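Chains, contacts and geometry: an overview
What follows is each chain in one-letter form.
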Amino acid sequence: MPDDQRTGDLGRFAEPALLVLVSLSAGPKHGYAIMTDVESFSGSALGPGTLYAVLARLERRGLIEPLGPEDRRRPYRLTTEGAAALAVQLDEMGRFVRTARSRQLDAAS
Amino acid sequence: MPLRLVQLLLAAYPSSYRERYGAEMAAVLEERMASWRDLLDLARGALDARLDPQIDPPRVLAAAAAIPPASAPSPALPVPRAPYGVVASAPPTGELSRRVFMRRMLAAGVGLLSLEFIAGTLAFTWPQVRSGLGGKFGLGTPADILAIQPSWAEGWPYPYTKARLFLINVPAAKELALGHQASVKSPSADQLLALWRKCPHLGCQIPQLCESLKRFTCNCHQSTYNILGEKLKTGPAARGMDRFEVSIGDDGGIVVDSSKVTAGAPNLGPDALTFKDPFPWDAACH
């Protein structure tokens, strides 16, 4: 495996990558569908340049995979690795939220 | 929508990227009425793809990798325990990949260059020189000058090298040029003249008065001036010597402001001179 494939840090694409993974966890989607879906559930717009930068990175890391093209559009779906990585990340975030909430409650009482 | 611009931006992506994603990106951009923000995003994406194209190595390798090695039992999927906000695993600790290194060097270079540019631009708004030629000079009181050069009271110009000037004691100087003995020890401000020693012809430094005529003659082309710096017949200079503004401060010190220069009077013939010495109009020092 080439070194840069493992070089995992997504930098400024970390957050949009999470949004894309969440969007694909509901089922395969092509680019435009991902954009509208992300916009509807998160409220933050995802530009086409960012979207494809993220798709390329996720694909390279094996977290998503392309399906056969339909017309010119190509749907993507979450791989098992992708689903696992998303689950881990959501767990971490869940813990983070619980910790933050409990501290908030401690401070309030 | 500026379709041409979209095509142009897509063309800015590296070819490997275009082959793989070009068609679907074009489809997305057709479906979505691309806004200016999208175009900006696209430009940024193109730059990003240039710096770090995330395209797989040739498919052959991918196909080979897809066949699981029979011997090795496939290990449990290593799930990266990523910190918040990071999806994939972190790079091996302490190592800087070539790509990251190159990117940082590029960013540092561009940053340094723009910093230089900004600093250089801002430097122009800095205050002008306040010392050296162009600033103000305190020459001391007339008594201080006389202590250095007693002949100043008799009209000999006092050379002040820091400002490249001759300080002329006008009433005494006139007497000197007329061949009389004078002694003017404290001239007032309007009796002082600060002549810039830079010849108005080509800028040579004008030497001290010549003994014979009590005139200034530039060594370069023999431009000749009377003791008050007015241009006489000889030499190519088109005007008299330039003057700095002179004043006398509250403490009696003479102050020359070398940022305030009055150009010498133009050559208008012998009748226009404010002072005539006894020598012929066309005589020059030798």
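Residues numbered from 1 in each chain as written. Chains lettered and ligands numbered in written order. Predicted model: local features only at pLDDT ≥ 70, side-chain atom pairs only at ≥ 80, totals over all residues.

**Side note on the sheet that holds strand β3 (residues 165-169) of chain B**
All names here are of chain B. Formally: A pair of strands is considered paired only if DSSP assigns at least 2 bridges between the two. Each helix is a run of DSSP H or I of at least 4 residues and each strand a run of E of at least 2, with the numbering of both proceeding from the N terminus. With axes taken as lines fitted to C-alpha atoms, and helix axes fitted only over the stretch in contact, angles between N-to-C directions fall between 0 and 180 degrees. C-beta atoms are placed from the backbone for every residue, and two residues are taken to be in contact when these atoms lie within 7 Å.
What the 6 strands build is an open sheet, ordered β1-β8-β7-β4-β3-β2; its pairing is antiparallel. The strands lining the two open edges of the sheet, one partner per strand, are β1 (136-140) and β2 (158-160). Taking each pair of neighbouring strands and ignoring which way they run, the sheet shows an average axis angle of 30°. For β3 and strand β4 (residues 192-196), the ladder comprises 5 bridges, and the chain directions are antiparallel. Bridge pairing in β4 places Leu 165 opposite Trp 196. Sheet strands in contact with helix α7 (residues 170-177) are β3 and β4, and its direction is about 85° off that of β3.

**Here we look at the packing of helix α2 (residues 14-24) of chain A against helix α3 (residues 31-42) of chain A**
Residues and elements named next belong to chain A. The cut-off we apply is this: Here is the rule for angles: anything less than 35 degrees is roughly parallel, anything more than 145 is roughly antiparallel, 65 through 115 is roughly perpendicular, and the remaining ranges are oblique.
One way to put it is that α2 packs onto α3 with a least axis distance of 10 Å and a crossing angle of 100°. The orientation of α2 relative to α3 falls into the category roughly perpendicular. Contact with α2, carried on its side by Leu 19, Val 20 and Ser 23, involves Ile 34, Asp 37, Val 38 and Ser 42 of α3 and no other residues of that element.

**With respect to the confidence of the model for chain A**
We apply this condition: Per-residue confidence from the predictor is reported as pLDDT, which spans 0 to 100.
Overall, the prediction assigns chain A a mean pLDDT of 86, with 92% of residues at 70 or greater. When the elements of chain A are averaged for pLDDT, helix α1 (residues 3-6) of chain A gives the smallest value, 36, and strand β3 (residues 75-78) of chain A the largest, 93.

**A few points about the pairing of strand β7 (residues 243-248) of chain B**
All names here are of chain B. Pairing of β4 with β7 involves 2 bridges; the strand directions are antiparallel. Bridge pairing in β7 links Leu 195 to Arg 243. In this structure, β7 lies alongside strand β8 (residues 254-262), joined through 6 bridges in antiparallel fashion. Bridge assignment links Phe 244 to a residue of β8, and that residue is Val 261. Where β7 folds back on β8, the antiparallel hairpin that results is connected by 5 residues, among which Gly 252 adopts a positive phi of roughly 85°.

**Structural notes on the sheet that holds β3(A)**
Residue and element names in this part refer to chain A. Pairing is antiparallel across the open sheet formed by 3 strands, whose spatial order is β1-β3-β2. Across the chains shown, the open sheet's two edge strands, defined by having one partner strand only, are β1 (29-30) and β2 (64-66). Bridging between β2 and β3 involves 3 bridges; their strand directions are antiparallel. Across the sheet, the residue bridging to Glu 65 is Arg 77, located in β3. Sitting on the sheet, helix α4 (residues 48-60) is in contact with β2 and β3, with an inclination near 105° to β2.

**Structural notes on the environment of B:Pro207**
Residue and element names in this part refer to chain B. As a reminder of what qualifies: Exposed residues have 12 or fewer other C-beta atoms within 10 Å of their own C-beta, buried residues have 20 or more, and residues in between are partly exposed; the C-beta atoms are placed from the backbone.
With respect to the helices, strands and loops of the structure, Pro 207 is situated in the loop between β4 and β5 (216-217). Classification of Pro 207 by C-beta neighbours within 10 Å gives partly exposed; the count is 14. For the pair formed by Pro 207 and Phe 166, sequence separation is 41 residues and the distance between their alpha carbons is 9.6 Å.

**A closer look at the nonpolar core**
Here is the rule: Structurally, a nonpolar core is described as a collection of buried Ala, Val, Leu, Ile, Met, Phe, Trp, Tyr and Cys residues joined by way of C-beta atoms within 7 Å.
Formed by 39 residues in total, the largest nonpolar core has its most connected members in A:Ala17, A:Val20, A:Leu21, A:Val54 and A:Leu55. When residues of this core are traced back to their parent elements, those giving at least two are α2, α3, α4, β3 and α5 (80-108) of chain A together with α1 (3-11), α2 (15-31) and α3 (36-51) of chain B. The residues contacting A:Val20, other than those within four sequence positions of it, are A:Ile34, A:Val38, A:Val54, A:Leu55 and A:Leu58. Judged by nonpolar contacts, the second largest core, of 32 residues, contains B:Trp196, B:Ala237, B:Met241 and B:Val256.

**Digging into the packing of α3(A) against α2(B)**
Taken N-terminus to C-terminus, the directions of α3(A) and α2(B) make an angle of 50°; their axes are 8 Å apart at the nearest point. Comparing their axes, α2(B) and α3(A) come out oblique. Together, A:Gly31, A:Tyr32 and A:Met35 of α3(A) and B:Glu24, B:Val28 and B:Glu31 of α2(B) make up the contact between the two elements.

**Remarks on the confidence of the model for chain B**
Here chain B averages 83 in pLDDT, and 83% of its residues register 70 or above. Counting contacts from residues 58-74 of chain B, a segment whose pLDDT is below 50, to residues more than four positions away or on other chains yields 2 contacts.

**Points about the environment of B:Thr224**
Residues and elements named next belong to chain B. Tracing the backbone shows Thr 224 in strand β6 (residues 224-225). C-beta crowding within 10 Å serves as the criterion here: with 23 such atoms nearby, Thr 224 is assigned to the buried category. Along the chain, Thr 224 and Gly 240 lie 16 residues apart, while their C-alpha atoms are 8.9 Å from each other.

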